[in-house]
Amino acid sequence: MKRLIYTIAKEKILAEVSLISSYAGLKSEEDIFCRVALADEDEDLASRFWTDAACEITDRLREFVVASSINDTSFTLELELSGSYDESLNTSVERDLTSALAYAVISEWFRLTFPVRSSEWATLSASSLERAHKKLCSRVRPKRLSN
């Protein structure tokens, strides 16, 4: 069995949420930047969404989870995978998990501030998480020993 540890910084996710929400507010046909953009005053609520999204990811990947920890600065997942897991996918899996986390937070934020766009981001989050799950189930092809 192989063990992998993924750690995702909360600050990185909230910065991405802030960037995307600001951009969405600016590019909207309506003038909603002030309503949609994540501000410093919104950090407590965004932190709640962060925790909820991390719990959702842990639950979806529970067949692999050995340990999970969520704190004020990061989310860490320790996963146990098949001995034939394809480790070349590690970076891609980490990116998918990061995206799933960010998109879930954005989806929840948009449920309050920009409901028309919320379901799009929830779908993106679910897709990212599904891609990560499929990659975690991937195996390296067995190699035949040549004589």
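Rules used in this analysis
Residues numbered from 1 in each chain as written. Predicted model: local features only at pLDDT ≥ 70, side-chain atom pairs only at ≥ 80, totals over all residues. Heavy atoms only, no water. Helix = DSSP H or I, 4+ residues; strand = E, 2+ residues; numbered from the N terminus. Buried < 20%, exposed > 50% of the residue type's maximum accessible area, 1.4 Å probe, protein only. Contact = heavy atoms within 4.5 Å. Areas by Shrake-Rupley, 256 points an atom, 1.4 Å probe, with all protein chains shown as cover. Lys, Arg positive; Asp, Glu negative; His and termini not counted. Charge placed at Lys NZ, Arg CZ, Asp CG, Glu CD. Salt bridge = Lys/Arg side-chain N within 4 Å of Asp/Glu carboxyl O. Core = buried A, V, L, I, M, F, W, Y, C linked by side-chain atoms within 4.5 Å. Pairing = 2+ DSSP bridges. Axes fitted to C-alpha atoms, helices over the stretch in contact; angles between N-to-C directions. Phe/Tyr/Trp six-rings, centres within 6.5 Å; stacked < 30°, edge-to-face > 60°.

### Some points on the overall build of the chain
Phase 1: Helix and strand counts for the chain come out as 5 helices and 3 strands.
Phase 2: Along the chain, helices (α) and strands (β) appear in the sequence β-α-α-α-β-β-α-α when read from the amino end.
Phase 3: Considering only C-alpha atoms, the chain reaches an extent of 70 × 30 × 20 Å along its principal axes.
Phase 4: Here the chain, with 147 residues, has 42% of them falling under the buried criterion.
Phase 5: Once local pairs closer than 6 in sequence are excluded, the contacts in the chain between residues at least 24 apart make up 73%.
Phase 6: By element, 50% of the accessible surface of the chain is carried by carbon and sulfur atoms, the whole surface being about 8800 Å².
Phase 7: Across the chain, 19 positive and 24 negative side-chain charges occur, with their mean positions spaced 11 Å apart.

### Some remarks on the pattern of salt bridges
Phase 1: Tallying each qualifying case throughout the model produces 11 salt bridges.
Phase 2: A salt bridge links lysine 135 to aspartate 96; the nearest nitrogen and oxygen atoms lie 2.6 Å apart. Residue lysine 135 is located in helix H5 (residues 115–136), and its partner aspartate 96 is located in helix H4 (residues 90–113); the two are separated by 39 residues in the primary sequence.
Phase 3: Aspartate 96 gets classed as buried once you look at its relative accessible area, which sits at 6%.
Phase 4: In this structure, glutamate 120 engages arginine 117 in a salt bridge whose closest nitrogen and oxygen atoms are separated by 2.9 Å. Taken as a pair, glutamate 120 and arginine 117 lie in helix H5 at a separation of 3 residues, close to a single helical turn.

### Topic: the nonpolar core
Phase 1: One finds Ile57, Leu97 and Leu101 to be the most contacted residues of the largest nonpolar core, which totals 39 residues.
Phase 2: At 11 residues, the largest contribution of residues to this core is made by H4.
Phase 3: Once you skip the residues sitting within four places of it in the chain, isoleucine 57 turns out to touch Phe75, Leu77, Leu97, Ala100, Leu101 and Leu129.

### Considerations on the sheet that holds strand S1 (residues 2–9)
Adjacent strands of a sheet form backbone hydrogen bonds with each other and so pair up, either parallel or antiparallel.
Phase 1: Spatially, 3 strands are ordered S1-S3-S2 in an open sheet, and the strand pairing comes out antiparallel. Each edge of the open sheet is held by one strand with a lone partner, namely S1 and strand S2 (65–70). Averaged over all adjacent pairs, the angle separating strand axes in this sheet is 10 degrees, with direction ignored.
Phase 2: Pairing of S2 with strand S3 (residues 74–81) involves 5 bridges; the strand directions are antiparallel. Residue isoleucine 70 lies in a different strand from S3, and its bridge partner there is phenylalanine 75.
Phase 3: Each of S1, S2 and S3 is contacted by helix H3 (residues 43–60), which is oriented at about 0 degrees to S3, the strand it contacts most.

### Details of the packing of aromatic side chains
Phase 1: All chains considered together, the criterion is met by 3 aromatic pairs.
Phase 2: Plain terms: the ring middles of phenylalanine 110 and tryptophan 121 are 6.3 Å apart, the flat faces sit at 85 degrees to each other, and that makes the pair edge-to-face. Note that phenylalanine 110 is positioned in helix H4 and tryptophan 121 in helix H5, a separation of 11 residues in sequence. Both residues of the pair, phenylalanine 110 and tryptophan 121, belong to the buried class.

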